Amino acid sequence: MDFPNLKKQDPEIYKLVKKEEEKQQYKLSMIPSENFSSPAVREALSSVFVHKYAEGYPHKRYYEGNQFVDNLEELCQQRARQAFSLPDDWHVNVQPLAGGNSNLAVYNGLLEPGDTILSMYLPDGGHLSHGWSFPEKDEQGLEGQVEQAIYLGGKRKISIVSKIFKVVQYKVEPDSRLFDYKKIMAIAKEYRPKMIISGGTAYPREINYDALHSIAKEVGAYYLADIAHEAGLVAAGANKSPIGKADVITFTTHKTIRGPRGAVILCRGDLADRIDFGVFPGLQGGPFEHTIASLAVCLKEACTPAFKKYAFQVVKNAQRLAQRFIERGYDVVSGGTDKHLLLIDMRSKKLSGRNPAKALDQAGIIMNRNSVPNETGSPMNPSGLRMGTPTITTRGMKEKEMDKIAEWVDYVIKVVAPDCDLKPAEFEEKIKKMPELRKIAAEVKSLCQKYPLNI
Ligand SMILES: Cc1ncc(COP(=O)(O)O)c(C=O)c1O
């Protein structure tokens, strides 16, 4: 994209935009929560809708001058219905500013302070916006017991969700690193949550929505399915849909679904007023109408056969990568993936996640360090490497390229393994000078040139 006005008026910002553009163009960006949106999605994002204030909902605004905003928001809602094959008696809210906000808005609409939430344990791949507090050592021992199947929360409340609500978390099984839904049922019966949440940032398998629906029904809880990561896969049919199983569904719009940064809430029609009130005036002020314009473009794209093909390829690519890592002796958490992401427990190679991720970045491959089930590391140096295929599939890469990427990643890890015990600063100095990493970065760049980013 050209930015002639920005270039002239603010060269400092222009230069940073161009540097970021170059990085995205010539490195492999494999953060599973990122994607590359289309030029049309980005054009709508920078449209004059950015100038608007439109507190309220279509035809119920607090300011005049919103006739086109009303048309836009209704069109966006309609496209969300189409993209997710929403039943007529379900409702759509396209105003949440981000995924975290969408979850807060749901709690705000349906819960009271002090209510109990049952969500996935954060170090096993859950999300901060589902509540998180830290276990802290005190004189008596470990506060916030981390037991085999359950975490009852610690004293250091990290997420505001844990400050307002009582948060109980279910864990994956230590060996399979999958959920045991019978255990989740037992926890739900004991703690009687008002809301049960599924979804997370690093769980590579599909969720059993039927099982969670039954558990929620059994204990009289709302069931919130947060499909932030897999929304695009669900829209395309590459992953199962929680519609009809969950009472409320939230998703971010910038991950697999390939839109602007934002979020959507889908809910049962009888909850519509409470959910809408939970968003505005309960949590947010004016919606970002430029984001809603851009989201509407993204949702139209999500209904195309090309998007469907894309989403299925995202999964195939992730499965191929997982297979190649397993063949090379890596511990791929849960033995594979059903989605767009995979997680490697680097302890199988006597390493942690931090330094390998730094070295891979130096070699032009961006992925992130991540906690893994049965974590023994720290938040800054957890034991896992998390990677995803949304952006590289958007570029058009397929299984053959996945084979090459797995080979490069393995090579980089082997090259730097002997130095991985160095302190972070020393390690980072050392890898800057490694010719092997420079060579891989050049090879990565030439692959990226074959599959250019549409900017
Ligand atoms: C499962 C889940 N929910 C919510 C969020 C929060 O989204 P946002 O960063 O837009 O607040 C994320 C972000 O990665 C997520 O993975």
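Residues numbered from 1 in each chain as written. Predicted model: local features only at pLDDT ≥ 70, side-chain atom pairs only at ≥ 80, totals over all residues. Heavy atoms only, no water.

1. Let's talk about the site of the ligand
1) Next: Taken together, the neighbourhood of the ligand is formed by 14 residues, with Gly99, Gly100, Thr201, Asp226 and Lys255 sitting nearest.
2) Next: Take Asp226: an N or O atom from its side chain is 2.6 Å from a nitrogen atom of the ligand.
3) Next: In the environment of the ligand, an oxygen atom lies 3.1 Å from a nitrogen or oxygen atom belonging to the side chain of Lys255.
4) Next: Surface burial for the ligand is 83%, taken as the share of its 390 Å² of free accessible area covered by protein chains.
5) Next: Per-element tally for the shell around the ligand: the top contributor is helix α5 (residues 99-110), with three residues.
6) Next: Its residues assigned to classes, the shell around the ligand comprises two nonpolar, 10 polar and two charged. (Near = heavy atom within 4 Å. Polar contact = N/O pair within 3.5 Å; in protein donor to acceptor, adjacent residues only side chain to side chain. Areas by Shrake-Rupley, 256 points an atom, 1.4 Å probe, with all protein chains shown as cover. Helix = DSSP H or I, 4+ residues; strand = E, 2+ residues; numbered from the N terminus. Nonpolar A, V, L, I, M, F, W, Y, C, P; charged D, E, K, R; others polar.)

2. Thoughts on the domain arrangement of the protein chain
1) Next: The domain architecture assigned to the protein chain consists of domain 1 (48-302) and domain 2 (313-450).
2) Next: Note on domain 1 versus domain 2: buried area summed over both sides is about 1,900 Å², and carbon and sulfur give 51% of it.
3) Next: For the pair domain 1 and domain 2, the number of links is three salt bridges.
4) Next: Residues Arg205 and Asp338 are paired through a salt bridge, measuring 2.8 Å at the closest nitrogen-oxygen approach.
5) Next: Viewed at the interface, domain 2 and domain 1 are joined by 14 residue pairs in polar contact (both at pLDDT 80 or more).
6) Next: Residue classes in the side of domain 1 that touches domain 2 are distributed as 11 nonpolar, five polar and six charged. (Domains from an automatic or database assignment. Buried area = accessible area lost by both parts, 1.4 Å probe. Salt bridge = Lys/Arg side-chain N within 4 Å of Asp/Glu carboxyl O.)

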